[in-house]
Amino acid sequence: MSMVDLIVGLQWGDEGKGKIVDLVAKNYDIVIRSQGGHNAGHTVVVDGKKYALHLLPSGVLNPNAINVIANGVVVYPPQLIKEIKNFDKDIKNKLFISDKAHMILDTHIAIDKAREKLRGKNAIGTTGRGIGPAYADKIARVGVRMGELKNIDRLLEKLEHYYEMNKGYFEYLDIEIPNMDDLKKELQEWQNELGCNIIDTTKYLWDNFDKNMLLEGAQATLLDVDHGTYPYVTSSNTIASGALTGSGIPPKKLNKVIGIAKAYTTRVGNGPFPTEDLSEAGDKIRAQGAEFGTTTGRPRRCGWFDVVAAKYAVTLNSCDEVAIMKLDVLDGFDKVKVCVAYERDGERLDYFPSDLEGIKPIYVEFDGWEKSAGITKFEDLPENAKKYIEFLEEKIDCHIKYVSTGPDRNATIIR
Ligand code: GDP
Ligand code: IMO
Ligand code: MG
């Protein structure tokens, strides 16, 4: 029987989704991105060679998979063109882009940066990729879609009107409206480079339900625009149900949901983070885990595993299985902490609340272990590492099927 499975981040992103998508991609015929844009940075390491993917689905490293950028993604065409060109294999004949996917324009990027600057100390810490402004235009029904590249003159007319309507706003933000002749050339180039790959991917996916499909989530549950730590979130629905709207796959077709979490927690950008560790331990996690953003190079904020947040994410996404990543990063710690509940105003909370103001973590402490790096069998893990994984499994109430012990595809325990 064919299946549609989904990979989703359970924390604040960068959990290692790319690694697991690549690991399991051999079981799928089609790998689909359904939301986000080039704010994502998914790293795949195969035989020591590192690939950083932003818009291309991580299935591209699998020689057989077809890759789909579906309707819910926001596409910045220059980035996609660059990624296709820089990839060391020809993947154009294995890539489809939805004609319904919205386009990120240079002015969206300029708005993103200008608004962040205006927010000052309240900045979200976005990736500066124009994601929010592009989705805002989509929801306001003034966005432009990839399929519109087929008729450049009509698209230009629409954009001319769009810039006219927003003249005051652009002036206020000190953003230059593009020259229409230059814009026309750019749009033509995008059509020349990508036109052949733009199709109705909803129909394509429906026509291929006899094949196995994998939806590759970008960002993660706690960055979801509805269910995350608003306003410190991204502008899409990153959770499992968002992947369905973002691809046109009917809900009942979804088979299995695999949630991805690190053995600790990281966050890049601003916003609440109850288990953040600002002491030496946090610095040690950052150093051992090379916790610097794939997309922006920013240092990631680091802290401990948060069971309350993970349980919330497992439930929201109805996870069938979980992958715990980067266990090796905790190698050599004397003690490892896990947050099992929150406290606020003297009250214990076991549920991830809508607002994290004043939340303090309640920790339990584990004895550390020497080395898990590179281990591929659960029984070969140090006893304390096994206890740690088994504790997380019990607390999040979901089978931990994968434990990752290094960046390479092979450094993985499958239970
Ligand atoms: P994604 O956005 O969820 O795909 O994750 P990123 O690629 O942004 O960040 C995960 C980082 O951790 C990448 O650099 C991976 O190569 C790396 N990584 C993944 N799994 C492991 C692991 O088990 N151990 C270590 N040390 N690194 C890992
Ligand atoms: P992957 O797919 C981690 C964060 C940004 C910022 C917030 C809003 O690699 O896990 P945006 O540019 O989306 O408007 O920024 O979301 N963010 C991510 N953090 N991993 C990501 O993607 C992210 N994509 C966006 O840092 O806090
Ligand atoms: Mg990432």
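Remember, it's a predicted structure, so these values are computed and weren't measured experimentally. Residue numbers run consecutively from 1 along every chain, following the written order of its sequence. Chain labels run from A onward and ligand labels from 1 onward, assigned in the order the entries are written. Local features are withheld for residues below a pLDDT of 70 in this predicted model, meaning they are given only at 70 or higher, and side-chain atom pairs are given and counted only at 80 or more; totals for whole chains, interfaces and linings count all residues. Side-chain descriptors were evaluated using all non-hydrogen atoms of the structure, hydrogens and water having been removed beforehand.

A.B. asks: Break down the coordination of the magnesium ion (ligand 3) for me, with residues and values.
C.D. replies: As a rule, N, O and S atoms within 2.8 Å of a metal are its donors, except that Na, K and Ca use 3.2 Å; water is not among the atoms, so sites may look incomplete. Asp14 (OD) and Gly41 (O) make up the full set of protein donors to the magnesium ion (ligand 3), lying at 2.0 to 2.1 Å. Pair noted here: Asp14 is in the loop between strand E1 (4-9) and helix H1 (17-24) and Gly41 is in the loop between strand E2 (30-33) and strand E3 (42-46), with a separation of 27 residues, a long-range link. On the basis of relative accessibility, which here comes to 9%, the residue Gly41 falls in the buried class. In DSSP terms, a helix is any run of H or I states spanning at least four residues, a strand is any run of E spanning at least two, and both are numbered starting from the N terminus. Only protein chains enter the accessibility calculation, which uses a 1.4 Å probe; a residue is then buried when its area is under 20% of its type maximum, exposed when over 50%, and partly exposed in between.

A.B. asks: Requested: an account of helix H10 (residues 280-288), with residues and values cited.
C.D. replies: For H10, every residue scored as buried is listed here: Ala281, Gly282, Ile285 and Arg286. Seen end-on, H10 carries its buried residues on one side only, within an arc spanning 140 degrees. Along H10, exposed side chains directed more than 90 degrees from the buried face belong to Glu280 and Ala287. When checking whether two residues touch, look at their non-hydrogen atoms; a contact exists if any pair is within 4.5 Å. Contacts made by the buried residues of H10 are with strand E13 (301-303). Within two residues after H10, Ala290 carries a phi angle of roughly 45 degrees, on the positive side. By arc we mean the arc of the directions from the helix axis to the C-beta atoms, nothing more.

A.B. asks: Pulling in residues and values, what's your account of the site of ligand 2?
C.D. replies: If you check the shell around ligand 2, you find 20 residues, and the closest are Asp14, Lys17, His42, Thr127 and Thr234. Side-chain atoms alone can form a polar contact between residues adjacent in sequence; in general such a contact is a pair of N or O atoms within 3.5 Å, and within protein one must be able to donate a hydrogen while the other accepts it. The contact in question runs from an oxygen atom of ligand 2 to an N or O atom on the side chain of Lys17, over 2.7 Å. Here His42 contributes a side-chain N or O atom positioned 2.7 Å from an oxygen atom of ligand 2. Reported accessibility uses the Shrake-Rupley method at a 1.4 Å probe radius. Residues are deemed covered only where the shown protein chains occlude them. For ligand 2, the accessible surface in isolation is 540 Å², of which the surrounding protein chains cover 98%. The residue makeup of the shell around ligand 2, split by class, is 7 nonpolar, 10 polar and 3 charged. Throughout, near means a residue has at least one heavy atom within 4 Å of the molecule or strand. Any residue that is not Ala, Val, Leu, Ile, Met, Phe, Trp, Tyr, Cys, Pro, Asp, Glu, Lys or Arg is counted as polar, Gly included; the first ten are nonpolar and the last four charged.

A.B. asks: Now, about the nonpolar core: what can you tell me, with residues and values included?
C.D. replies: Put simply, a nonpolar core is a bunch of buried Ala, Val, Leu, Ile, Met, Phe, Trp, Tyr and Cys residues held in one set by side-chain atoms that sit within 4.5 Å of each other. Counting residues in hydrophobic clusters, the biggest one holds 56 residues, and the most contacted among them are Phe305, Leu330 and Tyr388. Dropping the residues within four chain positions of it, Tyr388 is found in contact with Ala263, Phe305, Leu327, Leu330, Val336, Lys337, Val338, Phe366 and Trp369. Ranked by size, the runner-up nonpolar core spans 40 residues in total, among them Val44, Tyr51, Leu149 and Leu156.

A.B. asks: Give me the lowdown on the sheet that holds strand E15 (residues 321-325), citing residues and values where you can.
C.D. replies: Strands are treated as partners if at least two bridges between them are detected by DSSP. Overall, mixed pairing links the 10 strands, which are arranged E9-E7-E5-E2-E10-E1-E11-E15-E19-E20 in an open sheet. The two strands at the open ends of the sheet, each matched to only one other strand, are strand E9 (198-199) and strand E20 (412-414). One ladder, built from 5 bridges, connects strand E11 (residues 254-262) with E15; its direction is parallel. Bridge assignment links Lys262 to a residue of E15, and that residue is Met325. Relative to E1, H1 is tilted by about 160 degrees, and along the sheet it contacts E1, E2, strand E10 (213-216), E11, E15, strand E19 (399-404) and E20. For helices, the fitted axis covers only the stretch in contact; all axes are lines through C-alpha atoms, and the angles between them, taken along N-to-C directions, range from 0 to 180 degrees.

A.B. asks: I'd like a rundown of the site of ligand 1, residues and numbers included.
C.D. replies: With respect to spatial proximity, 20 residues lie near ligand 1, and among them Lys17, Gly41, Thr43, Asp328 and Ser404 are the closest. Within the backbone of Gly18, a nitrogen or oxygen atom sits 2.8 Å from an oxygen atom of ligand 1. Taking Asp328, its side chain carries an N or O atom lying 2.7 Å from a nitrogen atom of ligand 1. Relative to its free-state accessible area of 590 Å², ligand 1 is covered by the protein chains to the extent of 93%. Listing elements by their share of the shell around ligand 1, those giving two or more residues are H1 and E3.

A.B. asks: Please set out helix H4 (residues 131-139) residue by residue, giving values where relevant.
C.D. replies: All buried positions along H4 are accounted for by Ile131, Pro133, Ala134, Tyr135 and Asp137. Each element contacted by the buried residues of H4 is listed here: strand E6 (74-75), strand E8 (102-103), helix H3 (106-119) and helix H5 (152-165). In the segment just after H4, Arg141 is the residue with positive phi, at about 65 degrees.

A.B. asks: Can you tell me about the packing of aromatic side chains, naming the residues and giving the values?
C.D. replies: Centres within 6.5 Å are what make two rings of Phe, Tyr or Trp a pair, Trp counting through its six-membered ring; a difference in plane orientation under 30 degrees is then read as stacked, over 60 as edge-to-face, and the rest as tilted. Scanning the entire structure with this criterion turns up 14 aromatic pairs. Arranged with centres 4.7 Å apart and planes meeting at 50 degrees, the rings of Phe96 and Tyr204 form a pair that is tilted. Of this pair, Phe96 sits in strand E7 (residues 95-98) while Tyr204 sits in helix H8 (residues 201-207), and the two are 108 residues apart along the sequence. Their ring planes at 75 degrees and their centres at 5.2 Å tell us that Tyr162 and Tyr163 sit as a pair that is edge-to-face. Across this residue pair, the class does not change: Tyr162 and Tyr163 are buried. Of the aromatic side chains, those joined through ring pairs into one cluster are Tyr162, Tyr163, Tyr169 and Phe170. By definition, being over a ring means that NZ of Lys or CZ of Arg is both within 6 Å of the ring centre and within 35 degrees of the ring normal. Residue placement shows Lys337 over the ring face of Tyr363; its charged tip is 4.4 Å from the ring centre.

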